[in-house]
Amino acid sequence: MTQHDAGYKLLFAHQEMVRDLLLGFVKENWIKELDLDSLEKVSESFVSDDLRSRHNDVIWRVRWRQRWVYLYLMLEFQSSVDYYMAVRLLSYIGLLYQDLIRRGEVAKDKTLPLVLPIVLYNGRRRWRAPTALRQLFGWMPEAFSRYVPLYRFVLLDQGRLTEGDFPEERNVVAAVFRMEQSSTPEDLLHALRLLISWLQEPEQQNMRHGILEWLHRRGDSLDASVDWQQVHSLEEADTVLEDRIKEWKKQYQQEGRREGLEEGSTQATRLILSRLLSRRFGPLPADMEQRLEQAPLDQLESWIDRFYDAGSLEQVFH
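As the structure is a prediction and not an experimental result, all values here were calculated from the model.

### Things to note about the pattern of salt bridges
Phase 1: Evaluated as defined, the whole model comprises 16 salt bridges.
Phase 2: Measuring nitrogen to oxygen at the nearest pair gives 2.9 Å for the salt bridge that ties arginine 126 to aspartate 157. With arginine 126 in the loop between strand E4 (114-121) and strand E5 (154-157) and aspartate 157 in strand E5, the pair connects residues that are 31 residues apart, well separated along the chain.
Phase 3: Aspartate 157 sits in the buried class, given a relative accessible area of 6%.
Phase 4: Where salt bridges share partners, they join Glu40, Arg61 and Glu105 into one cluster.

### Some details on the side chain of aspartate 82
Phase 1: Relative to the elements of secondary structure, aspartate 82 occurs in the loop between strand E3 (67-76) and helix H4 (85-102).
Phase 2: Among the polar contacts made by the side chain of aspartate 82, one reaches the main-chain amide nitrogen of tyrosine 84 at a distance of 3.0 Å.
Phase 3: Within the structure, the side chain of aspartate 82 is placed 2.8 Å from the side chain of arginine 88, a separation counted as a polar contact.

### Details of the sheet that holds strand E1 (residues 35-41)
Phase 1: Read across the open sheet, the 5 strands follow the order E1-E2-E3-E4-E5; overall the sheet is mixed. The sheet terminates laterally at E1 and E5, the two strands that pair on one side only. The mean angle between the axes of side-by-side strands here comes to 25 degrees, regardless of whether they run parallel or antiparallel.
Phase 2: Across 8 bridges, the pairing between E3 and E4 is parallel. Along E4, the bridge assignment pairs methionine 74 with valine 119.

### Quick notes on the packing of aromatic side chains
Phase 1: Taken as a whole and assessed by the stated rule, the structure comprises 12 aromatic pairs.
Phase 2: The interplanar angle of 75 degrees and the centroid separation of 5.0 Å between the aromatic rings of tyrosine 121 and tryptophan 127 together place this pair among those described as edge-to-face. Across the pair, exposure class does not vary: tyrosine 121 and tryptophan 127 are buried alike.
Phase 3: Measuring from centroid to centroid gives 6.3 Å for phenylalanine 281 and phenylalanine 307, while their planes differ by 85 degrees, and the two rings are edge-to-face. Within this pair, whereas phenylalanine 281 is found in helix H9 (residues 266-281), its partner phenylalanine 307 is found in helix H11 (residues 297-307), the two being separated by 26 residues in sequence.
Phase 4: The partly exposed category is assigned to phenylalanine 281, whose relative accessible area is 24%.
Phase 5: What makes phenylalanine 307 buried here is its relative accessible area of 1%.

The rules behind each value
- Residues numbered from 1 in each chain as written.
- Predicted model: local features only at pLDDT ≥ 70, side-chain atom pairs only at ≥ 80, totals over all residues.
- Heavy atoms only, no water.
- Salt bridge = Lys/Arg side-chain N within 4 Å of Asp/Glu carboxyl O.
- Helix = DSSP H or I, 4+ residues; strand = E, 2+ residues; numbered from the N terminus.
- Buried < 20%, exposed > 50% of the residue type's maximum accessible area, 1.4 Å probe, protein only.
- Polar contact = N/O pair within 3.5 Å; in protein donor to acceptor, adjacent residues only side chain to side chain.
- Pairing = 2+ DSSP bridges.
- Axes fitted to C-alpha atoms, helices over the stretch in contact; angles between N-to-C directions.
- Phe/Tyr/Trp six-rings, centres within 6.5 Å; stacked < 30°, edge-to-face > 60°.

Dropping the structure here:
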């Protein structure tokens with residue numbers, strides 16, 4: 001288990017994280033009917049050695065009316081997509097059912113509890129593998145289809161989340177995902193400040209420690225210039241990132257003025273601004289390239305000054 005996997009497993013050992021994951025990212029109406037106050041983590045001593053060896057996975061259960069629903073949360077952070085994930089998960093859930101039967105954790109009428117499998121994936125490649133077992137089979141006669149399990153899992157592909165996928169209300173998991181997706185120190189700081197503002201109550205102290213431990217294990221991939229092991233609180237992380245942003249802006253200002261403005265050349269200034277914008281925001285659209293080509297020196301200087309505080313291309317040019 002990598003440091004990254006372990007960090008996420010620590011996060012989802014907290015009831016609030018599992019609650020916000022369900023409410024914010026599992027798009028099913030019946031989620032609202034769950035008694036989320038009844039959420040309880042299934043102890044690793046509860047399951048067999050076969051399941052206990054699944055170091056990355058976390059199992060919770062929650063009440064839905066008079067029944068328990070088990071949540072099998074699989075943390076999949078490998079670089080490649082497992083095309084046969086549906087088969088792997090089916091085998092793990094089969095092991096879980098065997099454990100539940102062995103321990104007598106079934107209803108009095110001997111019916112099995114429900115299990116909701118969730119795969120949380122944040123690999124670089126977007127997930128394109130089937131999420132339903134039926135999709136893994138080729139053509140089959142209609143008469144045979146009743147022998148193939150009707151089974152699918154909930155996929156949360158972090159890299160594919162767009163702004164519309166994030167809940168508008170307070171959601172700790174959403175803030176963590178925003179930190180993962182941050183492309184600038186400002187984005188990272190904004191998400192961190194959301195967490196700080198949401199985790200102020202004394203009973204949330206363990207959750208704050210969990211976020212901090214996750215940063216210790218995951219921080220290098222968020223901003224490698226910060227020594228996250230020396231950060232001892234979320235507030236300290238806020239200060240470190242704010243200082244990092246000031247240093248970053250100063251560096252860009254010095255580079256821009258040294259290479260462009262001090263030369264007093266409109267063309268040199270235009271080239272420097274184009275390079276700064278492309279480095280931060282990616283390739284420039286054709287219309288913005290045209291505006292750069294037509295702008296006089298004083299306009300270019302104004303855009304360079306605005307660049308350091310802008311959060312988007314639009315804020316530079318407007």
